[in-house]
Amino acid sequence: MPSNNWKSTLYNLDWLARYGMIAAVVLLISLLYPNNVKFKYEFQRGQTWRYEALTAPFDFPIKKSAEEIQQDRTSLAADFSPYYRLNEELAAAKIKDLEAELVRQSGGGEAVETSAEAAIVQKKFLPIGKRLLENLYKYGIIQLAPEHQEAGSDFVINVVRGHTTYKRTLPSFLTVETAKKMAADSLQKEAPLAPDYFKNAVLDAISPNLIFDKELTAKLLNAALAEIVTTKGVVRQGDDIVQRNGVITDEVYERLLSFQQKFESDVSSQQSSWSVYAGYLVLTILILGAFLMYASSYREEILTNRRYLAFVLTWLLTFSYVTFLVERTPGVSVYVIPYCIVPIVVRHFFTYRLAFFTHVVVVLIAGFITSEGSQFLFTEIVAGGVGVLGGGDARAWTRFFGSVLSILLTYTVAHLGLSLIEEGNILQVDWSMFGWLLLNGLLTMMAFPLIPLMERMFGFTSSISLVELSDMNRPLLRELAMKAPGTLQHSLQVANLAEGAAREIGANHLLIRVGALYHDVGKIKNPEYFIENQGNNSPHESLDLMESARIIIAHVPEGVRLAKKNRLPQAVIDFIQTHHGTTKTEFFYRNF
């Protein structure tokens, strides 16, 4: 009686542990759900409105599309007049430089022949040079920025003069080259007898006094861009947004999109509540409940084996959090997530149906977290179905790679079809999405190294490991061949027969073959006591029946010991441990 109570207690603890795992996963996933009201309508451009007639419950502006706003920004930037700052003090500074240069030249430079000539320059020619410079700087000498070099005569700039600003076109100013040419012509006309050093000094004093103010231009341009109107009308409360069965034209689509944005920014945030969170929680429990019903009916080992249950729940938890992180990463599409890894890996350890069912559960829960809608669910479920049925086997890299290509092709065709339905024009398809889908395909190939990793983490036996174990050069099989060659031949014949039978009934023929190869490895110890390894004489003739029976029976526990020593999978050890069932050593029993 105490023994039964102890077993009952252990069973109850195991039951609590398993369902505690399920409850913990539900709780952890539910933490990712939003607690605000979700916009309940789904719509696409060019499609029919499937709901009742929609009337505006409040006033909201009609937002411009991103393309329209970008066009406005581009147009504003193209028409924006840059700012050039006028240096009003440069003229006086350059005239002082001219006077200083003439003084230097009169101090003994080679160009000055006599002091009388220097006096003539100071008295007669210097006033001409000063007046010429004053007129040029008053007119304005501009230095065009590199980005304005190709501007035409109608190009308008903003001139900043002190605290005032006014607009002028480029012909209103001189360039440095034009100013120097005008100065040279004026000096030739007004002071033809002036010495060359004087003329050169005047030309060297000409510099631009109108310089591009890049910082001010960027600041005011950004301010102007920030003031661009992002709306193009208003829908008043009570106005019709769309009629039942009406076609969602471009105009209606803009109204619906603006209504959704207003709802999500204002109404949804104001109506956040625990009831919304509870709704998501109930749906999650419903999805997992349906999965558990399936497992209870067709794959009961999922519920009775904690490792198997943890394996399935790990996929749900991992992809829920990956979806959550990607959804909140700007510029990254949720379609980059390789959800098809789930069915590819799961079906290597379980059935095709369980693999697909697990994938559907993962995608449905991810659908609550992402904002992509029904298109996401359709694409991922179809791609998952192809992943399950694609036939990619991790033992054959070529077939596995072909399966990944099939998944990628499915994603591509599905996205193209949905885009054509939504946009109505192949030119409007978002081709950048195909880059994310390509990256998805590359990430899906991570399933190949994940299979042996999952095998070691959760104690599975994959086809990859079974192929390795069937290699006749494995240490345990080589030892069997050397010490008990007859037993090895017997094992090979059993393996061939069992594999053929397994293929006929659809069983795991590879596991059965490997189990048959190793089922008698315990005969490595005392091989001569087994008939397939004996010659003309049997060592049993010199033993009593009890001892002979003990030696024969011992090959089973010895085989288990050797299998564990060589780290064979539990599935193979089970073959060794059970291959004689509950039978007796019949010959010795009858003759006892």
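Reading the values: rules and limits
Counting restarts for each chain, with residues numbered from 1 along the sequence as it is written. Local features in a predicted model are, by the rule used here, given only for residues with pLDDT of at least 70; side-chain atom pairs are given and counted only at 80 or more, and totals for whole chains, interfaces and linings are based on all residues. The basis for the side-chain values is all heavy atoms of the structure; hydrogens and waters are excluded. Just to be clear on terms, a salt bridge is a Lys or Arg side-chain nitrogen sitting within 4 Å of an Asp or Glu carboxyl oxygen. Secondary structure is summarised from DSSP: a helix means a run of H or I of at least four residues, a strand means a run of E of at least two, and numbering begins at the N terminus for each. Each residue's exposure class comes from its accessible area (1.4 Å probe, protein chains only) as a fraction of the maximum for that residue type: buried when under 20%, exposed when over 50%, partly exposed otherwise. Aromatic pairing here means that ring centres of Phe, Tyr or Trp (its six-membered ring) are within 6.5 Å. Orientation follows from the plane angle: under 30 degrees is stacked, over 60 is edge-to-face, and everything else is tilted. Sitting over a ring, as applied to charges here, requires NZ of Lys or CZ of Arg to be within 6 Å of the ring centre and within 35 degrees of the ring normal. For this analysis, a nonpolar core means a set of buried residues of the types Ala, Val, Leu, Ile, Met, Phe, Trp, Tyr and Cys, connected via side-chain atoms within 4.5 Å. We call two residues in contact when some of their heavy atoms are within 4.5 Å.

### A short note on the pattern of salt bridges
- Applying the stated criterion across every chain, the model contains 18 salt bridges.
- A salt bridge links Arg236 to Asp59, with the shortest nitrogen-to-oxygen separation between them at 3.6 Å. Taken together, the residues span a long stretch of sequence, with Arg236 in the loop between β9 (231-235) and β10 (240-242) and Asp59 in the loop between β1 (54-55) and β2 (60-63) at a distance of 177 residues.
- Given the relative accessible area of 47%, Arg236 is considered partly exposed.
- Since its relative accessible area comes to 38%, Asp59 is described here as partly exposed.
- Close ionic contact of Arg561 with Glu558 constitutes a salt bridge, the shortest N to O distance being 2.6 Å. Note that Arg561 and Glu558 are positioned in helix α22 (residues 545-565) at a spacing of 3 residues, about one turn of the helix.

### Description of the packing of aromatic side chains
- Across all of its chains, the model carries 24 aromatic pairs by this definition.
- Between Phe58 and Phe60, the aromatic rings sit 6.3 Å apart at their centres with planes inclined by 75°, giving edge-to-face as the arrangement.
- Look at Phe349 and Phe460: their rings are 4.5 Å apart centre to centre, the planes differ by 15°, and that puts the pair in the stacked class. One end of the pair, Phe349, is in the loop between α12 (341-346) and α13 (352-369); the other, Phe460, is in the loop between α17 (447-458) and α18 (463-469), with 111 residues separating them in the sequence.
- For the cation-ring pair, Arg353 lies above Tyr298, with the distance from its terminal atom to the ring centre recorded as 5.0 Å.

### Focus: the nonpolar core
- Phe311, Trp315, Val345 and Phe350 are the most contacted members of the largest nonpolar core, which totals 67 residues.
- Looking at which element gives the most residues to this core, the answer is helix α11 (residues 306-327), with 10 residues.
- Residues contacting Trp315, with those up to four places away along its chain left out, are Ile341, Val342, Val345, Val346, Val362, Leu450 and Met454.

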